[in-house]
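What the coordinates show
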Amino acid sequence: MQDIINSVKTTHELSKPEIVELLKNGGDELFKAADEVRKQYVGDEVHLRALIEFSNICRCNCKYCGLRCDNKNIERYRLSKEEIVDLAKKAYSYGYRTVVMQSGEDMYFTAELLAEIIKEIKLASDVAITLSIGERSFEEYKILKSAGADRFLLRIETTDKDLYKSLHPNMDFENRKRCLRDLKELGYEVGTGCLVGLKGQSLEALADDILFFKEIGADMIGIGPFIPHKNTPLGQDEGGSFELALKVMAITRLLMPDINIPATTAMETLNPNGRLIALQSGANVVMPNATEGDYRRKYEIYPGKICINDSPAKCRNCIERKINSIGRTVSTSKGFRRPLTPPTFRGDVADKKIEDVIENILPLPTGEDKGGNYENL
Ligand code: SAH
Ligand code: SF4
């Protein structure tokens, strides 16, 4: 075990059986190695992303999610354009340099409407914008990118095709991969990730997920334990463990040393110190909630969501204090990935502040990254 860990710290390569071994038996030494690699490649700064949950209306029916369209036991809402722009402005005033616009797959928000919102946010505030709105066409993603969106989060959820099919009625694994490919081609920073602890999900399947992240050259990886929601078909399942999700995250850091990895809110739901532990086991990003009022409670993807009664201002202060308490600092930049090899030129670079351009093109001194291989997608 220690041999595998020592070797991956410099090679950043693991075979599937080695990953399975680490998932089975890895412990403190795995988390410590991921923390060291994090420090070496992305440093001690933590990037904050303000999460705006702008609609809980969803056309999909993912069996694990409280927002699924068959859940009639939920008060649906959708924020207005003005409300969304206002939340983004407030987030900027609290010091956030990225806002994440997340929602169910709510087709009321056409690409054109979202593009207007993105443009207004960008005019008012110097922030990077991440979208997390699910599957759309290449053309729609293109409109959103042209409007100024910088990043996109779309978890693959699981690479086990049979499991994927059983969890996602009327959805298609190949289309999800198509989305990730389109997003990369359009120049987004692409985030993906998986759920951990789904019934029927083997350690081998989790190892495949991790290898998939590396294969496609993802820029961000969000790993979350599955938390059963009573108003879904999986409400009686056991759910994922904090430990296993932490291991998947730590191994991902060892294999992809220069990417951004959030300490996810779902981890904090399972462990009161979950995010700090994750930040000390490979993570370098936190996504505090910037949604206001009752909407937080209504955006119930899973139960037990933290801070549902808090305000965005409180969350901002609270997280900074926590981050400082472990000797880390909050970054003041937009926190783009700093790839080990210079990125190919992206058309949107001209719109960015010079600091961000420099941040984007400075190669770090060590290591070598293969980059993504889309032929296998
Ligand atoms: N609709 C968009 C974004 C919102 S859902 C999308 O699906 O991409 C964001 C993430 O919440 C999903 O990717 C999924 O991994 C996670 N999620 C959904 N239900 C969950 C549950 N019960 N426990 C933990 N995470 C869950
Ligand atoms: Fe909708 Fe996303 Fe939930 Fe699936 S995971 S039901 S797409 S909000």
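The present account deals with the structure reproduced in this document. Nothing here was measured: the structure is a model prediction, and the numbers come from that model. (Residues numbered from 1 in each chain as written. Chains lettered and ligands numbered in written order. Predicted model: local features only at pLDDT ≥ 70, side-chain atom pairs only at ≥ 80, totals over all residues. Heavy atoms only, no water.)

A look at the overall build of the chain
The helix and strand inventory of the chain stands at 15 helices and nine strands. For a compact globule of 377 residues, the expected C-alpha radius of gyration is about 21 Å, and the chain comes in at 19 Å, within 12% of that figure. Over its C-alpha atoms, taken along the principal directions, the chain stretches across nearly 55 × 50 × 45 Å. By residue count, 57% of the 377 residues in the chain fall in the buried class. (Helix = DSSP H or I, 4+ residues; strand = E, 2+ residues; numbered from the N terminus. Rg over C-alpha atoms; globule rule 2.2 N^0.38 Å. Buried < 20%, exposed > 50% of the residue type's maximum accessible area, 1.4 Å probe, protein only.)

Focus on the pattern of salt bridges
Under the defined criterion, the tally for this structure stands at 33 salt bridges. Across the salt bridge formed by E120 and K81, the nearest N and O atoms sit 3.3 Å from each other. A residue pair is termed long-range when its members are at least 10 positions apart, and E120 in helix α5 (residues 111-124) and K81 in helix α4 (residues 81-93) qualify at 39 residues. By relative accessible area, E120 is classed as partly exposed at 35%. Relative accessible area serves as the criterion here: at 21%, K81 is assigned to the partly exposed category. (Salt bridge = Lys/Arg side-chain N within 4 Å of Asp/Glu carboxyl O.)

Quick look at the side chain of H12
Within the secondary structure, H12 is located in the loop between α1 (2-11) and α2 (16-25). Exposure remark for H12: the relative accessible area of 6% places this residue in the buried category. Setting aside chain neighbours within four positions, we find H12 in contact with V37, Y41, K214, L254, L255 and P257. (Contact = heavy atoms within 4.5 Å.)

Digging into the site of ligand 1
In the vicinity of ligand 1 there are 16 residues, among which Y64, S103, R155, E157 and I227 approach most closely. S103 has a polar backbone atom sitting 3.0 Å from a nitrogen atom of ligand 1. Contact between ligand 1 and E157: an oxygen atom at 2.6 Å from a side-chain N or O atom of the residue. For the shell around ligand 1, the residue count by class is nine nonpolar, four polar and three charged. (Near = heavy atom within 4 Å. Polar contact = N/O pair within 3.5 Å; in protein donor to acceptor, adjacent residues only side chain to side chain. Nonpolar A, V, L, I, M, F, W, Y, C, P; charged D, E, K, R; others polar.)

A closer look at the sheet that holds strand β3 (residues 98-103)
Spatial ordering of the open sheet is given by β2-β3-β4-β5-β6-β7, a layout of six strands whose pairing is parallel. Edge positions in the open sheet fall to β2 (50-55) and β7 (220-225), since each of these has one partner strand only. Shown here is a sheet whose adjacent strand axes are inclined to one another by a mean of 20°, direction ignored. Inspection of the sheet shows β3 paired to strand β4 (residues 128-132) by five bridges, in the parallel sense. In the strand pairing of β4, V100 is matched with T130. Packing against the sheet, α4 makes contact with β2 and β3, and its axis sits at approximately 170° to β2. (Pairing = 2+ DSSP bridges. Axes fitted to C-alpha atoms, helices over the stretch in contact; angles between N-to-C directions.)

Let's talk about empty space enclosed by the protein
Considering all chains together, one arrives at one cavity of 30 Å³ or more under this definition. When its volume is computed, the largest cavity comes out at roughly 60 Å³. Lining the largest cavity are H47, L48, R49, G95, Y96, R97, T98, R316, V330, S331, S333 and K334. (1 Å grid on protein atoms, 1.4 Å probe; cavity = no way out; pocket = protein on both sides within 12 Å on 5 of 7 lines; lining within 4 Å. Points joined across faces, edges and corners; volume = space filled by probe spheres on them.)

Remarks on the site of ligand 2
Around ligand 2, a shell composed of C58, C60, C62, Y64, C65, L67, R68 and G104 is seen. Looking at side-chain class alone, the shell around ligand 2 contains six nonpolar, one polar and one charged residues.

Details of the packing of aromatic side chains
Counting across every chain of the model gives six aromatic pairs. Centroid distance Y108 to F109: 5.2 Å. Interplanar angle 90°. Geometry classified as edge-to-face. A relative accessible area of 48% means that Y108 is categorised as partly exposed. Its relative accessible area of 1% is what places F109 among the buried residues. Relative to F173, the ring of Y164 has its centre 5.3 Å away and its plane inclined at 65°; by these criteria the two rings are edge-to-face. On the basis of relative accessible area, Y164 is assigned to the buried category, the value being 1%. Pairwise contacts between aromatic rings join F54, Y108 and F109 into one cluster. K145 extends its terminal NZ or CZ atom over the ring of Y188, reaching a point 5.7 Å from the ring centre. The ring centre of Y96 lies 5.4 Å from the NZ or CZ of R316, which sits over that ring. (Phe/Tyr/Trp six-rings, centres within 6.5 Å; stacked < 30°, edge-to-face > 60°. Lys NZ or Arg CZ within 6 Å of the ring centre and 35° of its normal.)

With respect to the sheet that holds strand β9 (residues 329-330)
Pairing is parallel across the open sheet formed by three strands, whose spatial order is β8-β1-β9. The two strands at the open ends of the sheet, each matched to only one other strand, are β8 (285-286) and β9.

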